[in-house]
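# Fold and contact review
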Amino acid sequence: MALDPVRTGPRIGAGRVAVLVPLPLAGTYDYTVPPGLSVAHGQFVLVPLGGRTVAGVVWGAAEDAIDPSRLRAIDSVLDAPPMTRDLRETIAWTAAYTLSPPGALLRMAMSVPEALDPPRPETAYARRPEPLPDGLRMTEARGRLLRFLADGEPKRMREIGGGAGVGPSVVRGLVAAGAVAPVSLSSETPPPVPDWRRRGATLTTSQETAAARLRALVAAPGAHGVTLLDGVTGSGKTEVYFEAIAAALARGRQVLVLLPEIALTVDWLRRFSDRFGAPPALWHSDISRPARRALWRAVARGEAPVVVGARSALFLPFRSLGLIVVDEEHDAGYKQEEGVVYNARDIAVVRARNAGCRLLLSSATPSLETVVNVGRGRYGSVRLAERFGSAGAASVSAVDMRAEAQAPRSWLSPSLRSAARQALDEGRQVLFFLNRRGYAPLTLCRGCGHRMSCPNCAAWLVDHRLAERLQCHHCGHREARPADCPQCGATDSLVACGPGVERLSEEAAAAFPDARIALMSSDTLRGPQAIDRLLAEIRARDYDLIIGTQLVAKGHDFPHLTLVGVIDADLGLEGGDLRAAERSFQLLHQVAGRAGRAAFPGRALVQTYDPDHPVMRALIAGDRDGFVAAETRARRAAGMPPFGRLAAIVVSGRRLEAVAEAGRALARAAPRQEGLLVLGPAPAPLALVRGRHRHRLLVKARSDIRIQPLLTAWLREAPARGGVRIQVDIDPYSFL
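Attention in this report is confined to the structure presented alongside it. Here the structure is a predicted model, which means the values were calculated and not measured.

## Here we look at the sheet that holds strand β29 (residues 644-653)
Within the open sheet, the four strands sit side by side as β30-β31-β29-β32. Their pairing is antiparallel. In this open sheet, the two strands that pair with only one neighbour each are β30 (676-689) and β32 (725-730). The mean inter-strand angle of the sheet, taken between neighbouring strand axes irrespective of direction, is 20 degrees.

Here it is in C-alpha cells:
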C-alpha cells in the first residue's frame, strides 16, 4: 500500500497497526497486535516479513480492509525510544517529494540497526563498606586498589588499570575475598555537555547586533522559521551563529549543525570547543560503527545536546530540536545524487518546520533559491557586511590569458609568476587554486591519438603521478600507466594533456625553487585529521606556497596568505548545468576570500580566457548583488528554478538497446498539458557509468504545477523492464 500521512492517536492496544520497514518497498504493511501487547505510534517493533524477521516502525492504525486472519502478528516491541512525530513526518514528506520508496527513507533514519538493541552491561567494581573482611591478606597492589576505590564510585577495569596500576588478577582476588563487589553499569557514556554560559569571543558591533537578533529568534516562544545569515567572507559568521546555538542550549533544546565537507569539521570542532568548553557529537560516514551506535542512542534519549555532521545527520532521532544550522548552505555537497536523491538544505527546512524550531542558513554567497525566498518574505535575513578585524576584502583582478606570452606546457602566466615572486619575497604566503585533481585529466598517444579511458564509464582516466596510477573519478577504476600505447603499441608515446594540481605543483617547484610547497587535495590528504595537521602547519608558516583544489576554499583561515592565483578560472563556466555560472561565482568568490584575512591586504589574480564573462566581471567588481540580480532575471525569463520546476529522469541499464527502448516508451507516455515540457530521451553527457548505459529526459514545468503526481502517473504507464532502472531527480543539480 502507499504511504499515508503520519497518523497519530492514543496508544494502540489489541487490533491492527501499519508498520513501515526499512526496505525500498511501496509503503506500510498491516500487522495484528497480539493480546497483552500494547504499542504506540513511532515505536520500533520486530515483525515477520517473508521468511525473516525485520525491525520496523509503527506508523499508525491500519486502514486496509484485509481479513485479519490473513495478517501476521508483531513479534515484539524493541527497547528503544520511539521515533518522534516530526521525524516520521519528514520521512513521509521526503518520500512523496522525491518519489522515493518510503522504506528507503526509513533505512536512512535506521542506519545503525544495532542501536535498536539494548546496550550490553559493563562490569565495574566498587569497594564494599568497611570493615575489611577478617583474614584479608594485604599487599601493596591491593592497597593501591582499595585506596583508588575509596570514594565508593564503581570503576571500570580500564579505569582501574590506569588509576591504580593493577591488573585483573588483583581485582579478582579482592572480589573473592569479599572486599570488592562487581557492579553492572551501562556501557554507554553520554557525550560531554557544552556550557552555553561560557563566555564567547569578543564580537564586533555588527557581529553583536546580528547575534542579538539570532538569540531573540531562537529564544522566542514557538520559534519556527528560516533565517539567512548572509555575511561576507571573513565576517565571523561562525562565531555569530554560535550565539544562536547557546540560546537553544539555554532552553534545553538540541542543536544540529550541518557542514558540507568532512574537511571542515576539525577546525570547526576546535572553535566550538573553545567557545563551549566541550566538543559536540560528530556524525559522518568515517566514524566507527560503535561510535555511531552510541551516538544514535544518545540523540534519541536527548543526551546529545549538539550534533555536527554531514547531510545524513538530518535523519537522526532528535528528541527536542531547537535549532538547525546549515553552514555554507549554497554548497552542492548537500545534494545526494545516489539512492534517495535529495537536497539536505531543502529537507532541513521541512525538518525544522515539523519540529517547530528555527533553521539558520549561513553563507557568504547564498544560493539563488535562498535569496529569492528572502526577497519573497518567506525567509528572514541577518547581514554581516564587514570582515572581522582590520582586513578589507581582497582585490580581484583578471589576467587575460589571450594577451599573456605563455610558455609551452606552462599554466602560470607571467603576471601571476611576478606577483607570486613579490609576495614570497615579502615573506607572505601564496595560494594557487586549480579545481582539478591529479597530474593531468587526459593521457593520449602522440602516434595514433588513442585516449586512455575507463572501461566502465564514458570518461577519461586521470593521471595520478604521486600514486603512480590512472584513475576514473566516477567509478574508482584504477590501472597502472602503461609504458606502451595499448592501441598501436608505440613506445614512449603517451603524453599527459592539461594540468591537475600535481602537475601545477611540479611547475611551481621549478619556478620557485626556494618555496616550501604544500599540496592540498582529497587525493593527498586522507581524512580530517590529515587536513587539520596540514592546516596547522600552514598557519605556523611551515609552507610558503599552497596548491590545492576546492578543498582549500571551504572556510579555512590563512592569516599570512596575501595572494591567491586562480588557474583555469573558466573551468565549469559552460555546459548544460543551469547553475554553472552561479556555482563558478560562489567557488571563485570563496577562493579569493582566502587572501588578506588578517592585517595584511589581500589580492586575487584570476587567469581567464573570457574576462568579459558576467561571472568574471562581477567577481572583479566585487558586485555579488549585481551578479545575483542578473542571474535572477535570466532564470525568471527562462522559467528555470526557482521560477519553474525541473525534474530529471535517468534511464540506465547494462544493455544499450533496452535503455534506449525504455526511454522511447517513456517519451511516448509523457503527459501533455499546458505549461509542461518534456525533453528527450537522449544519451546522457556521461553516457556510461559503472558499466550502465544512461539516457536522460528532462521535465520542465511552470511553478504552479505539482509535478510529483504527474510523474507518478506517467512512470506507472511505462514501468522499467529487462534490467532497466529509472531514477527520478526532483530539482536536479547534476546534468551529466
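## A closer look at the nonpolar core
Among the nonpolar cores identified, the biggest contains 53 residues, and V307 and F315 are the most heavily contacted of them. Apart from the residues lying within four places of it in its own chain, the contact partners of V307 are V255, L256, V257, A281, W283, L295, V299, L316 and F318.

## Focus: the sheet that holds strand β11 (residues 281-283)
If you walk across this open sheet you meet the seven strands as β11-β12-β10-β13-β16-β9-β17, and the pairing is parallel. On the outer flanks of this sheet lie β11 and β17 (380-384), each paired with one strand and no other. Adjacent strand axes in the sheet meet at a mean angle of 20 degrees when their direction is disregarded. Bridge analysis of strand β9 (residues 225-231) against β17 gives five bridges, and the strand direction is parallel. Across the sheet, the residue bridging to D230 is R383, located in β17. Contacts from helix α10 (residues 344-355) reach β9, β10 (254-258), β13 (321-327) and β16 (358-363), with the element oriented near 165 degrees to β13.

## With respect to the packing of helix α6 (residues 205-219) against helix α7 (residues 237-250)
Any two packed helices are characterised by the angle at which their axes cross and by the distance between the axes. Running from amino to carboxyl end, α6 crosses α7 at an angle of 30 degrees, the nearest separation of the two axes being 8 Å. Accordingly, the angle class assigned to the pair α6 and α7 is roughly parallel. The hand of the α6/α7 crossing is right-handed. Residues Q207, A210, A211, L214, R215 and V218 of α6 form the contact with α7, whose participating residues are V240, Y241, E243, A244, A247 and A248. Class assignment for the residues of the contact of α6 with α7 results in nine nonpolar, one polar and two charged.

## Topic: the side chain of E507
Mapped onto the elements, E507 comes out in helix α13 (residues 501-511). A distance of 2.9 Å separates a polar side-chain atom of E507 from the backbone nitrogen of W411. Other than its neighbours up to four places away in sequence, E507 contacts R409, S410, W411, L412 and R417.

## Digging into helix α14 (residues 527-539)
Its 13 residues give α14 an end-to-end C-alpha distance of 19 Å, which sits within 8% of 18 Å, the value for a rise of 1.5 Å per residue. Those residues of α14 hidden inside the fold are in contact with α8 (265-276), β19 (429-433), β25 (517-520) and β26 (545-548).

## Details of the pairing of β25
When β25 meets β26, the two strands line up parallel, connected through four bridges. Looking at β26, one finds that L519 is bridged to I547.

## Let's talk about the packing of aromatic side chains
On inspection of all chains with the given rule, the structure shows eleven aromatic pairs. For the ring pair F242 and F276, a centre distance of 5.8 Å and an interplane angle of 70 degrees mean the geometry is edge-to-face. Of the two residues, F242 is situated in helix α7 and F276 in helix α8; the sequence distance between them amounts to 34 residues. No difference in accessibility class separates F242 from F276, as the two residues are buried.

## Digging into the pairing of strand β6 (residues 121-127)
As paired strands, β6 and strand β8 (residues 180-186) are joined by seven bridges and run antiparallel to one another. Paired with Y125 across the strands is P182, a residue of β8.

## A short note on the side chain of S235
Locating S235 in the fold gives a position in the loop between β9 and α7. Only 2.7 Å separates the side chain of S235 from the backbone oxygen of V232, close enough to count as a polar contact.

## Section: the pattern of salt bridges
Applying the stated criterion across every chain yields a total of 37 salt bridges. The salt bridge partner of D729 is K335, with a shortest N-O separation of 2.9 Å. A residue pair is termed long-range when its members are at least 10 positions apart, and D729 in strand β32 and K335 in strand β14 (residues 335-336) qualify at 394 residues. Per residue, the accessibility class of D729 equals that of K335, and both read buried. When salt bridges with common partners are traced through the structure, they connect E208, R215, E243 and R275 into a single cluster.

## Section: the packing of helix α3 (residues 140-148) against helix α5 (residues 168-177)
In contact at an axis separation of 10 Å, α3 and α5 are set at 80 degrees when each is read in the N-to-C sense. Relative to α5, the element α3 lies roughly perpendicular. Contact residues: α3 offers A141, R142, L145 and L146, while α5 offers V170, V171, G173 and L174.

What counts, and where the lines are drawn
- Residues numbered from 1 in each chain as written.
- Predicted model: local features only at pLDDT ≥ 70, side-chain atom pairs only at ≥ 80, totals over all residues.
- Heavy atoms only, no water.
- Pairing = 2+ DSSP bridges.
- Helix = DSSP H or I, 4+ residues; strand = E, 2+ residues; numbered from the N terminus.
- Axes fitted to C-alpha atoms, helices over the stretch in contact; angles between N-to-C directions.
- Core = buried A, V, L, I, M, F, W, Y, C linked by side-chain atoms within 4.5 Å.
- Buried < 20%, exposed > 50% of the residue type's maximum accessible area, 1.4 Å probe, protein only.
- Contact = heavy atoms within 4.5 Å.
- Parallel < 35°, antiparallel > 145°, perpendicular 65-115°, else oblique.
- Left-handed = near helix turned anticlockwise from the far one by under 90°.
- Nonpolar A, V, L, I, M, F, W, Y, C, P; charged D, E, K, R; others polar.
- Polar contact = N/O pair within 3.5 Å; in protein donor to acceptor, adjacent residues only side chain to side chain.
- Expected span 1.5 Å × (residues − 1).
- Phe/Tyr/Trp six-rings, centres within 6.5 Å; stacked < 30°, edge-to-face > 60°.
- Salt bridge = Lys/Arg side-chain N within 4 Å of Asp/Glu carboxyl O.

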